[in-house]
2 protein chains.
Amino acid sequence: MVSSFVSDANFSEGNLSFLGEDVKKASAVLRKTDSATRDMALTSAAEALLEDSGEIIKANKIDVEAAKAAGQTDTVVDRLRLDETRIAKMASAIKDVVALPDPLGQVVSGWVRPNGLRVKRVRVPLGVVGIVYENRPNVTSDAAALCLKSGNAVMLRGSAGAINSNVAIEKSLRVGLEAAGLPLSAITLIKDVKRETVADFVRLDKFIDCLIPRGGPGLIKLIKENATVPYVIDGDGNCHVYVDKDCDLEMAIDIVVNAKTSRPGVCNAMETLLLHKDIAEQFLTMADTPLAGVELRGDDASRSVLSRMLEATEDDYAREFLDLIMAVRVVDDIDMAIEHVNKYSSGHSEAIITNDYKAASKFMAEVDAAAVLVNASTRFIDGGELGLGAEIGISTQKLHARGPMGVAELTSVKFIVEGNGQVRK
Amino acid sequence: MVSSFVSDANFSEGNLSFLGEDVKKASAVLRKTDSATRDMALTSAAEALLEDSGEIIKANKIDVEAAKAAGQTDTVVDRLRLDETRIAKMASAIKDVVALPDPLGQVVSGWVRPNGLRVKRVRVPLGVVGIVYENRPNVTSDAAALCLKSGNAVMLRGSAGAINSNVAIEKSLRVGLEAAGLPLSAITLIKDVKRETVADFVRLDKFIDCLIPRGGPGLIKLIKENATVPYVIDGDGNCHVYVDKDCDLEMAIDIVVNAKTSRPGVCNAMETLLLHKDIAEQFLTMADTPLAGVELRGDDASRSVLSRMLEATEDDYAREFLDLIMAVRVVDDIDMAIEHVNKYSSGHSEAIITNDYKAASKFMAEVDAAAVLVNASTRFIDGGELGLGAEIGISTQKLHARGPMGVAELTSVKFIVEGNGQVRK
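Note that residues are indexed from 1 along each chain, following the sequence as it is written. Chains carry letters from A onward and ligands carry numbers from 1 onward, assigned in written order. At least 70 in pLDDT is required for a residue's local features to be given in this predicted model, at least 80 for side-chain atom pairs to be given and counted, and no such filter applies to totals for whole chains, interfaces and linings, which use all residues.

Caption draft 1: Structural context of the overall build of chain A. Strands are runs of DSSP state E lasting at least two residues, helices are runs of H or I lasting at least four, and both sets are numbered from the N terminus onward. When helices and strands are tallied, chain A shows 16 helices and 16 strands. The principal-axis extent of the C-alpha atoms belonging to chain A is close to 70 × 65 × 35 Å. A total of 425 residues make up chain A; the buried ones form 52% of that total. We call two residues in contact if the C-beta atoms placed from their backbones are at most 7 Å apart. Within chain A, contacts between residues separated by at least 24 positions form 72% of all contacts whose residues are at least 6 apart in sequence. Exposure is read from a count of other C-beta atoms within 10 Å of each residue's own; the residue is exposed at 12 or fewer, buried at 20 or more and partly exposed in between. C-beta atoms are placed from the backbone.

Pasting the structure below:
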């Protein structure tokens, strides 16, 4: 899928280290900026995207045609495609980021020591954030906006299949940087899209402070095996809903239908339904019609209620279908439900539907996941829905950030210690 | 350095995965405990250490003898050696950890969404913490205590040279776990001390949630190259003190002497002195006697003042001496000082001595390090001195934790979302 652009002079502008050094320098400039300047850059970038939409669509056509010629699926081609509406959405997403409060300078905590030393912990940028992502070109502008908002320079490594679109988008974003007097390398797209470059990219710990991969298991594995840059994994969502015996069954059905069917291809969609044995029959009978469009794969107990249900394998409980398919299992009690969740969960979002106070408390305390919900759809675990603003990803690891990551998660915290001559005894 | 213990049955109790699974199970139990139970386990462990001190010293003697026989330096042998006093210190360090407030359950933030969803973020244990460390056997009890306090199970991988001591200490710590009815595997020492095991250990991401290495550059490199477990680097401290032109020179000398000489072998000791050109001559003339015991390596400008000064090489500015040696450089202004710091700093602790408000503000804003100090010794950057309690290390990376890491840094944050039937539109 070598596109017309790849042989361009643009694409040989030095090796990764050269680029890295430049981005690091830009991050030192960003560290000193105020939010008004960064917001101005973003607003101008949003306007430039709109003004340049003709050029962007033209570049995007090359990628779309190449994808079609390579026999990519309609889903892949659709993800790649940009039109006026989608570009307008990208621009308005940037404006949403501008509207967020500046996370920098926030005093997280502060105190005075017995010897008079004044200690505070203050939010500062991470420095340089590296993003590795796949086909969707809107990630280029979304990620760049969140990084710039939080005072970080960003190195973007998109896929070969979107390179022409990404180059055009980077150009527009840099118009914003220029308008605000910021170094253009604050937003740097890697134009060398050879496969091997990813492995080199994730080893640039001399220049990159944090890596956020947005991609499938293959990318995650590559990063775990190769990265020397610290990373935050935006992992899979094998999400469960457990319907407890003492609950409002209508509510449970509404939530299950919403969690499974409102957007089955996203990570906060539910994948497995756990039913307390006392309500399993009633629930499945009532839910059969609302879940008519969903392929069900269950254990013996649930299949004895709904004959249309296929047999669930061990693998069905372990995987993320990302489709209108749902695994079902009947459990004896809440302990068995929690055990199942903690065994199969990818640590994303887990819900209980119950009216029992003790059951709700137990589930919240014992389920080990980024987010635990009571009587609400797993689909709410998303930066926007939780009120964090736009998100750079959803962390399924426990270090640094867990769950939806907003601009605050793109910062670090620095100790500031002020004295009047204190020495340590 | 194969000791008498290594061939013992104790040492072949299954492979790393087997141990890992067991520790992970223990972490699920710990997640449900209250702090009273964990504190009780720690208090009993401290008492057991004291009661067992004879046994521990006996085991330690084997390690000490082996170290001597292997021709280790006096420093290494001294670090390894345990006596009644040192064991009493280990026990009292555990009691200090007991006295810390429980970080778990702390509601970090909380709010209500327009649709009525109640969102909160709550501190929870990381799960399983892995510690890789070198000779000092007190790390075994210090690290285990901090992990248990914060609700984590811990896998400890000490050095081969301290294995007999560590085995004895683990035994005593487990007496505490038993007394509190907690699973013994909550504190698990890896007894297979073959070199290769470290590389395997750092790849146990199936069982370990966070790795904290405590060791030199070799260990850090091994981890960066091999780890699939997320880690927090406790790195070197190439710390600077910059003496600005407008400052109290007596205060500056006191701070420099304290930062350099009070304990030169630790990471928060200063390594390089930067002097504004307007006060360089006066400072060096006044500081010559107080710094008499320190070998100085300077640039031409500083050597023209003190003839005893050796010539500093590029490498002298880049390294951590950990000794009574100090690099010196005269700078034209604060910008040159900040540039030097940001170029050579390992991101640990950086100080400015000044009475100029603008200079102090500029230094605090523009220096990129875990801690920035104004008019105070770098030696204060330590968990105890800053009031965080005992520390598990000092992070020089920007993700998760930066600077001294106390019990709060051994936790993660979980989203709890409570509703009454909300579904996403």
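Let us keep going from here.
Caption draft 2: Fine view of the interface of chain B and chain A. The partner chain A presents 57 residues to the 57 residues of chain B that form the contact. Counting residues per element, the ones that place at least two in the side of chain B that touches chain A are α10 (249-261), α15 (357-366), β13 (371-376), α16 (383-386) and β16 (411-422) of chain B. Here the element with the most residues in the side of chain B that touches chain A is β16 of chain B; it accounts for 11 residues. Basically, the charged four are Asp, Glu, Lys and Arg, the nonpolar ten are Ala, Val, Leu, Ile, Met, Phe, Trp, Tyr, Cys and Pro, and anything else, Gly included, counts as polar. Counted by class, the side of chain B that touches chain A contains 26 nonpolar, 16 polar and 15 charged residues. Pairing between strands is defined by DSSP: at least two bridges between the two strands are required. Pairing of strand β13 (residues 371-376) of chain A with β16 of chain B, which is carried by five bridges, proceeds in the parallel orientation. Paired with V374 of chain A across the bridge in β16 of chain B is E418 of chain B.

Caption draft 3: Examining the sheet that holds strand β5 (residues 187-189) of chain B more closely. Residues and elements named next belong to chain B. With parallel pairing, the four strands of this open sheet are ordered in space as β5-β4-β3-β6. The sheet is open, and its two borders are formed by β5 and β6 (210-214), each paired with just one other strand. Between one strand axis and the next, the sheet turns through 20 degrees on average, direction left out of account. Pairing between strand β3 (residues 128-133) and strand β4 (residues 153-157): five bridges, direction parallel. Bridged to V132 within β4 is R157. Here an angle of 0 to 180 degrees is reported between the N-to-C directions of two axes, which are lines fitted to C-alpha atoms, with helices fitted over the stretch in contact. Its contacts with the sheet put helix α6 (residues 138-149) on β3, β4, β5 and β6, and the angle it makes with β4 is roughly 160 degrees.

Caption draft 4: Local environment of helix α6 (residues 138-149) of chain A. Residue and element names in this part refer to chain A. Between its first and last C-alpha atoms α6 spans 17 Å; for 12 residues at 1.5 Å apiece the expected length is 16 Å, and the two agree. Among the 12 residues in α6, 11 count as buried, and that is most of the element. Burial in α6 covers these residues: V139, T140, S141, D142, A143, A144, A145, L146, C147, L148 and K149. Where α6 terminates, the next one or two residues include G151, which has phi positive at roughly 80 degrees. One less than the number of residues in a helix, times 1.5 Å, gives the span that helix is expected to have.

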